[in-house]
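# Understanding the architecture of this molecule
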Amino acid sequence: MLIKQEHIRKHSRKIGLLAGLNQAFQCVGSVLIAPLIKRWPTRTVLSASILVFAVFTAILLIVDAATGGYIKPASFTPANKNDFSYYGHYNTDWIIPIYCVTGIAYGMVELIRRVIPRDIVGGNPAKLQRMDALVHIFYEVSGTAGAFATALGLIPRLGNNYAFIITPILFTMSGITWIFLGTLQFNKSSSANGEAEESNYIKTILKKVSLFARSIYIGAKLIFTRRQFIWLWSGYAIALYGHRYLENGIAPQVARRYLGNSEWSQIIVGGSNFGELLGAFSVFVFANYVKTPMPWLRLDAIMLLIIWYIPYYYPPEDEVKYAWIIAATFIPISFGWAAGDVSLAAYIQTSLARLESKDKEVSPLGAVMAFLYSSYIIIYAIANPLLGKYIDNIYNSTGSVRPALVNTAAIQLTIISVLVFISTFIPKGAFTCNPQLIYDQDVDNARTLDASPNNNNSAENDQNASVADTVIRF
């Protein structure tokens, strides 16, 4: 009994650790993918990554079943709100390495998703916004449907331990489908020749780790020494951290501590995903009218302030309609973030496609994305476990998470809101409501400082580079 109580007290801390490690190992995946894509077609690497993801999620199901776990009976009546007697009896610390491996696989897939739109449509801002928006729309359709299906169907009928039984099935189907994609201009012979001097694959990995570190350094230098780019750190990395904490840190606490049912966090996340869907669709529709991320980011900053009602909201427990009400309030918050994220991704791809680099192995786009995404991962990996520990301590001492949510939700997201809002006024010409001509600023100066004098066409070549080339140079 004491062990179970100690486990409950450490609940938020362990969840934060799992999420933080998963995020950190995504960074490892983004490093490993470069030499892999150089040796094999992109489709093969993507397929293998998602199949590894499928295998390790299936391992969780197998372990649970092997240690006495079973599907939640339809007639199951819990003795208390922490009664999960249908779970398998195994040390849950073994979930940690599984989260790490799945983080590597997810990092590989996510990296491709971040850079592929530019290689499909080129550097046109409007086309990039539409392409990024279209990708995000499909992403959120599946995310919204998945969240609601999990909350309303899978968890109530199968239990938390078997609710993800469809994950390995769908991931396996995706992996098989990707095998039949085109090779994305992969040239096996030239790739093999390029790696001839690297007979030891471990040396190749170490080299790519070194290149990744150099990419982060170059990306940081580009961002913090250019007025055109300095605002991206708060507009992208900090805003992304805030959104992820909203869904993975705040929503589970509200569902578990306010409503008394952790399953309903998926309803809240479903509302958030629906808001992202609407935001991405808005960018798709208004791409010709709102040509920069500034208006969307300002809207995002304002919408974040909605979160202030959470610490002072007292819904009754065990009434699902209040989960839907909270989900509805998350829609405008995530609407602003998704619109800003999609348009900002297009802005980064368009602006950096024109820059040339002295370093033949590191592209400006890859360097900036490496730095921004690594910044987000580091912030999340450090902050989430610490905030989880803080929430546990407050809950154990006061019996409520509301005092903790004043700081971790309201005040923290307000600080993020202020940072994002102020940063949108840094670029030249950004003081108008709908800036139009911020893509071209300082590009000539950046080219002069970073360009190779004998490579006048490298910007054009970079714009037309294949997906594999972009990721390899990343």
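Structure shown above.
Treat the numbers as computed from the prediction; the structure is a model and nothing was measured. (Residues numbered from 1 in each chain as written. Predicted model: local features only at pLDDT ≥ 70, side-chain atom pairs only at ≥ 80, totals over all residues. Heavy atoms only, no water.)

Looking now at the nonpolar core. Residues Ile250, Ile307, Phe330 and Ile348 are the most contacted members of the largest nonpolar core, which totals 72 residues. The set of elements that each furnish at least two residues to this core consists of α2 (11-39), α8 (201-224), α9 (232-258), α10 (265-285), α11 (294-303), α12 (320-353), α13 (364-398) and α14 (402-423). With residues up to four places along the chain from it excluded, the contact list for Ile307 reads Leu246, Ile250, Phe330, Ile333, Ala409, Ala410 and Leu413. (Core = buried A, V, L, I, M, F, W, Y, C linked by side-chain atoms within 4.5 Å. Buried < 20%, exposed > 50% of the residue type's maximum accessible area, 1.4 Å probe, protein only. Helix = DSSP H or I, 4+ residues; strand = E, 2+ residues; numbered from the N terminus. Contact = heavy atoms within 4.5 Å.)

With that settled, consider the packing of aromatic side chains. Going through the model one piece at a time under the given rule, you end up with 13 aromatic pairs. Ring geometry for Tyr241 against Tyr380: centres 6.1 Å apart, planes inclined by 70°, an arrangement best described as edge-to-face. With Tyr241 in helix α9 and Tyr380 in helix α13, this residue pair connects regions lying 139 residues apart in the sequence. On the basis of relative accessibility, which here comes to 0%, the residue Tyr380 falls in the buried class. Here Tyr373 and Tyr376 contribute two aromatic rings whose centre-to-centre distance is 5.5 Å and whose plane-to-plane angle is 55°, an arrangement assigned as tilted. Of this pair, Tyr373 and Tyr376 are both found in helix α13, three residues apart, which corresponds to roughly one turn of the helix. Across the pair, exposure class does not vary: Tyr373 and Tyr376 are buried alike. Every member of this aromatic cluster is reached through a ring pair, and the members are Tyr241, Tyr245, Tyr373, Tyr376 and Tyr380. Sitting above the plane of the Tyr395 ring, Arg257 keeps its charged end 3.9 Å from the centroid. (Phe/Tyr/Trp six-rings, centres within 6.5 Å; stacked < 30°, edge-to-face > 60°. Lys NZ or Arg CZ within 6 Å of the ring centre and 35° of its normal.)

The end-to-end C-alpha distance of α14, which contains 22 residues, comes to 30 Å, matching closely the 32 Å that a straight helix rising 1.5 Å per residue would cover. Most pronounced at Ile411, the bend in α14 amounts to some 25°. (Expected span 1.5 Å × (residues − 1). Bend = angle between axes of the 7 residues up to and from the residue.)

Another point: the packing of α9 against α13. Contact geometry of α9 with α13 gives a least axis separation of 9 Å together with a crossing angle of 30°. On the basis of their axis angle, the class for α9 and α13 is roughly parallel. Crossing of α9 against α13: the hand is right-handed. (Axes fitted to C-alpha atoms, helices over the stretch in contact; angles between N-to-C directions. Parallel < 35°, antiparallel > 145°, perpendicular 65-115°, else oblique. Left-handed = near helix turned anticlockwise from the far one by under 90°.)

To continue, consider the environment of Leu277. For Leu277, the position within the fold is in helix α10. The class for Leu277 is buried, based on a relative accessible area of 17%. With 57 residues separating them along the chain, Leu277 and Ser334 place their C-alpha atoms 8.7 Å apart. Filtering out sequence-adjacent residues up to four positions away, Leu277 remains in contact with Ile137, Glu140 and Val141.

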